[in-house]
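Each chain, letter by letter, is given below.
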Amino acid sequence: MVDPQHDQENQIEINAMNQETPNWQPVSALPMIASLIDGMVSGTTAQWETLQPARAKPHVLDSALVERIERIYTEQLDTSAPFLEQLSRWRKEPLSTEQSNEATRLEGQVATLRANLTNILDLAGEVKDHTIDKILEKDDLALGLDVLLGKHRL
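Below or above, wherever it landed, is the structure these notes cover.

1. Focus: the side chain of Gln-109
Then, number 1: Along the chain, Gln-109 turns up in helix H5 (residues 97-127).
Then, number 2: You can call Gln-109 buried: its relative accessible area is 19%.
Then, number 3: Within the structure, Gln-109 has its side chain in polar contact with the side chain of Asp-38 (distance 2.8 Å).
Then, number 4: Every residue in contact with Gln-109, bar those within four places of it in the chain, is listed here: Ile-37, Asp-38 and Val-41.

2. Here we look at the nonpolar core
Then, number 1: By size, the foremost hydrophobic cluster in this structure holds 30 residues, and its most contacted members are Ile-37, Tyr-73 and Phe-83.
Then, number 2: Looking at this core, the elements with two or more residues in it are helix H2 (30-56), helix H3 (63-79), helix H4 (81-91) and H5.
Then, number 3: Aside from chain neighbours lying at most four places away, what touches Ile-37 is Phe-83, Leu-106, Gln-109 and Val-110.

3. Regarding the pattern of salt bridges
Then, number 1: This structure, assessed with the given rule, holds six salt bridges.
Then, number 2: In this structure, the salt-bridge partner of Glu-70 is Lys-128, at a minimum N-O distance of 3.7 Å. Taken together, the residues span a long stretch of sequence, with Glu-70 in helix H3 and Lys-128 in the loop between H5 and helix H6 (132-137) at a distance of 58 residues.
Then, number 3: Put simply, Glu-107 and Arg-91 hold a salt bridge, and the shortest N to O gap is 3.2 Å. With Glu-107 in helix H5 and Arg-91 in helix H4, this pair connects stretches of sequence that are 16 residues apart.
Then, number 4: Accessibility expressed as a relative area gives 29% for Glu-107, which makes it partly exposed.

4. A word on the environment of Leu-87
Then, number 1: With respect to the element layout, Leu-87 can be found in helix H4.
Then, number 2: Between the C-alpha atom of Leu-87 and that of Trp-24, which follows or precedes it by 63 residues, the distance is 9.9 Å.
Then, number 3: The contact partners of Leu-87, leaving out residues within four places of it in the chain, are Ala-103, Leu-106, Glu-107 and Val-110.

Definitions and cut-offs
Residues numbered from 1 in each chain as written. Predicted model: local features only at pLDDT ≥ 70, side-chain atom pairs only at ≥ 80, totals over all residues. Heavy atoms only, no water. Helix = DSSP H or I, 4+ residues; strand = E, 2+ residues; numbered from the N terminus. Buried < 20%, exposed > 50% of the residue type's maximum accessible area, 1.4 Å probe, protein only. Polar contact = N/O pair within 3.5 Å; in protein donor to acceptor, adjacent residues only side chain to side chain. Contact = heavy atoms within 4.5 Å. Core = buried A, V, L, I, M, F, W, Y, C linked by side-chain atoms within 4.5 Å. Salt bridge = Lys/Arg side-chain N within 4 Å of Asp/Glu carboxyl O.

Quick look at the structure:
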């Protein structure tokens with residue numbers, strides 16, 4: 001579900017974005033920032049779609065994976081704010097029509113990114129108490145009661 005190589009690349013980008021003071025880019029970096037934002041939107045959209053079946057069957061996930069998802073996507077959510085600030089800074093400069101249109105598109109992409117990240121984190125929060133690890137921790141009586149009460153689906 002989470003690609004380790006893509007995860008490592010994102011972590012490098014996240015670490016760079018987590019600096020005390022962001023390294024604000026000139027408008028000439030717009031294509032690079034656009035590529036980064038578009039890639040993150042694509043990745044989070046794919047991850048959201050991959051995680052959808054887990055809502056109905058959370059026991060297919062283990063606790064370590066859910067914790068990793070929460071950590072990675074919380075960090076990404078935290079680092080999405082500098083993108084908006086960068087776009088805002090560029091808006092204060094004279095932009096060509098093309099640059100202005102791209103900045104507008106990217107503002108929408110950042111909104112989509114934040115929505116994707118929030119959805120992923122909400123789903124992780126929903127399923128974290130129902131992973132295979134959590135089920136195996138329960139004794140038979142508690143598990144049977146949970147199934148009867150509809151807390152776990154078989």
